[in-house]
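One letter stands for each residue in the lines below.
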Amino acid sequence: MLTRSLQEDWANLLKDEFTQDYFAQLDDFISEEYKTKTIYPPFEKIFNAFNLCPLHKIKVAILGQDPYHGPNQAHGLCFSVNDDIKFPPSLRNIFKEIENDLGTTPPSSGNLSRWAAQGVLLLNATLTVREGEAGSHQNKGWERFTDSIIKHISDHCENVVFLLWGAYAIKKTTIINNEKHCILTSPHPSPLSAHRGFLGNRHFSQTNHYLQEKGLETINW
């Protein structure tokens, strides 16, 4: 059962979601996929983003689309890879923007758990994927589930910075209350689009400026 690895405060918040038909169908589908195919991230890491960033600690939410589909990359946090794994192109551009924006040296590891520990929810719209098949678990129910999470954060939290990169993520502005939260949008950090406005967006300094204004601790990016 999918929900057995989900931290308690999230499980309580989402309990109504788990009783819906679509989630039962998603649970059956995912369980079968893990039994019969190679699926990423590892089963116990599906809800890693939530377990590393409890609801009451969220300061920033970054939305990705799909987990990485190569061996040992995905571990349940969008844009993040395990230690000792080569940086994928989008992550490389994220670190490049942080360096340009804040003047900090890029880290040696692409593991963004350190962000999650500071209150950054690293949420993919789809939480699982087949090896080597990008988008293979889209339209199975994950998007409805993660949309409900974004809505819950919008409704139940205050002063969260939503970083929405690329057209897919930007569509989520319709379910976020922009009077309670800060929404920053730009093109995606992918090499196909980063030069069209992701690089130079200064989202990381803007995020910290907003948090500071609200009396919250800033993120050490």
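Model, not experiment: these values are computed from the prediction.

What counts and how
Residues numbered from 1 in each chain as written. Predicted model: local features only at pLDDT ≥ 70, side-chain atom pairs only at ≥ 80, totals over all residues. Heavy atoms only, no water. Core = buried A, V, L, I, M, F, W, Y, C linked by side-chain atoms within 4.5 Å. Buried < 20%, exposed > 50% of the residue type's maximum accessible area, 1.4 Å probe, protein only. Helix = DSSP H or I, 4+ residues; strand = E, 2+ residues; numbered from the N terminus. Contact = heavy atoms within 4.5 Å. Salt bridge = Lys/Arg side-chain N within 4 Å of Asp/Glu carboxyl O. Expected span 1.5 Å × (residues − 1). Polar contact = N/O pair within 3.5 Å; in protein donor to acceptor, adjacent residues only side chain to side chain. Axes fitted to C-alpha atoms, helices over the stretch in contact; angles between N-to-C directions. Parallel < 35°, antiparallel > 145°, perpendicular 65-115°, else oblique. Left-handed = near helix turned anticlockwise from the far one by under 90°. Nonpolar A, V, L, I, M, F, W, Y, C, P; charged D, E, K, R; others polar. Phe/Tyr/Trp six-rings, centres within 6.5 Å; stacked < 30°, edge-to-face > 60°. Pairing = 2+ DSSP bridges.

Once that is clear, we can look at the nonpolar core. In this structure, Trp 10, Ile 62, Trp 115, Leu 121, Phe 145, Ile 153 and Trp 221 are the most contacted members of the largest nonpolar core, which totals 68 residues. Here this core gets 6 residues from one element, more than from any other, and that element is helix α3 (residues 21-36). If sequence neighbours within four positions are ignored, Phe 145 has contacts with Leu 14, Glu 17, Phe 18, Tyr 22, Phe 23, Phe 47 and Leu 127.

Here the focus is the pattern of salt bridges. Tallying each qualifying case throughout the model produces 6 salt bridges. Between Asp 101 and Arg 202 there is a salt bridge; the shortest N-O distance is 3.4 Å. Placement of Asp 101 in helix α5 (residues 89-102) and of Arg 202 in the loop between β6 (182-186) and α9 (203-213) is noted, with a sequence separation of 101 residues between them. What emerges from the salt-bridge pattern is a single network uniting Glu 33, Lys 37, Arg 130 and Glu 133.

Okay, helix α7 (residues 142-156) next. Over its 15 residues, α7 extends 21 Å from the first C-alpha to the last, a length consistent with the 21 Å expected when each residue adds 1.5 Å. The set of residues buried in α7 consists of Trp 142, Glu 143, Phe 145, Thr 146, Ser 148, Ile 149, Ile 150, His 152, Ile 153 and Ser 154.

This part takes up the environment of Lys 57. Topologically, Lys 57 is positioned in the loop between α4 (48-51) and β2 (60-64). C-alpha separation for the pair Lys 57 and Ser 80, spaced 23 residues apart in sequence, amounts to 19 Å.

To continue, consider the side chain of Gln 73. Note that Gln 73 resides in the loop between β2 and α5. In this structure Gln 73 comes out as buried when scored by relative accessible area, which is 19%. Separated by 3.0 Å, the side chain of Gln 73 and the backbone nitrogen of Gly 70 make a polar contact. Excluding its chain neighbours within four sequence positions, the residues that come into contact with Gln 73 are Tyr 68, Ser 80, Val 81, Asn 82, Ile 85 and Pro 88.

Before going further, it helps to spend a moment on the packing of α3 against α7. Axis separation between α3 and α7 bottoms out at 9 Å; the angle between their running directions is 125°. It follows from the interaxial angle that α3 and α7 lie oblique. Relative to α7, the crossing made by α3 is left-handed. On α7, the residues touching Tyr 22, Phe 23, Leu 26 and Ile 30 of α3 are Trp 142, Arg 144 and Phe 145. For the contact of α3 with α7, the class distribution of residues is 6 nonpolar, no polar and 1 charged.

Summed over the entire model, instances satisfying the criterion amount to 17 aromatic pairs. Summarising the aromatic geometry, the rings of Phe 18 and Phe 23 are spaced 4.9 Å apart at their centres and angled 50° between planes, so their arrangement reads as tilted. Taking the relative accessible area as the measure of exposure, Phe 23 reaches 2% and is therefore buried. Taken together, a centroid distance of 5.2 Å and an interplanar angle of 90° make the contact between Tyr 34 and Phe 43 edge-to-face. As far as the burial class goes, Tyr 34 and Phe 43 line up, both buried. One aromatic cluster is present, formed by Trp 10, Phe 18, Tyr 22, Phe 23, Phe 47, Phe 50, Trp 142 and Phe 145 through successive ring pairs.

This brings us to the pairing of strand β5 (residues 161-165). Most of β5 is tucked away: 5 of the 5 residues are buried. Taking every second residue as pointing to the same face, both faces of β5 are buried, with Val 161, Leu 163 and Trp 165 on one and Phe 162 and Leu 164 on the other. Bridge count for β5 against β6 is 5 bridges, and the pairing is parallel. Among the inter-strand pairings, Leu 163 is bridged to a residue of β6, identified as Leu 184.

This part covers the sheet that holds strand β3 (residues 120-124). Within the open sheet, the 4 strands sit side by side as β3-β2-β5-β6. Their pairing is parallel. For this open sheet the edge positions go to β3 and β6, each flanked by a neighbour on one side alone. Strand-to-strand, the axes of this sheet are offset by a mean angle of 20°, without reference to chain direction. Lying on the sheet, α7 is in contact with β2, β3 and β5; it crosses β3 at an angle near 155°.

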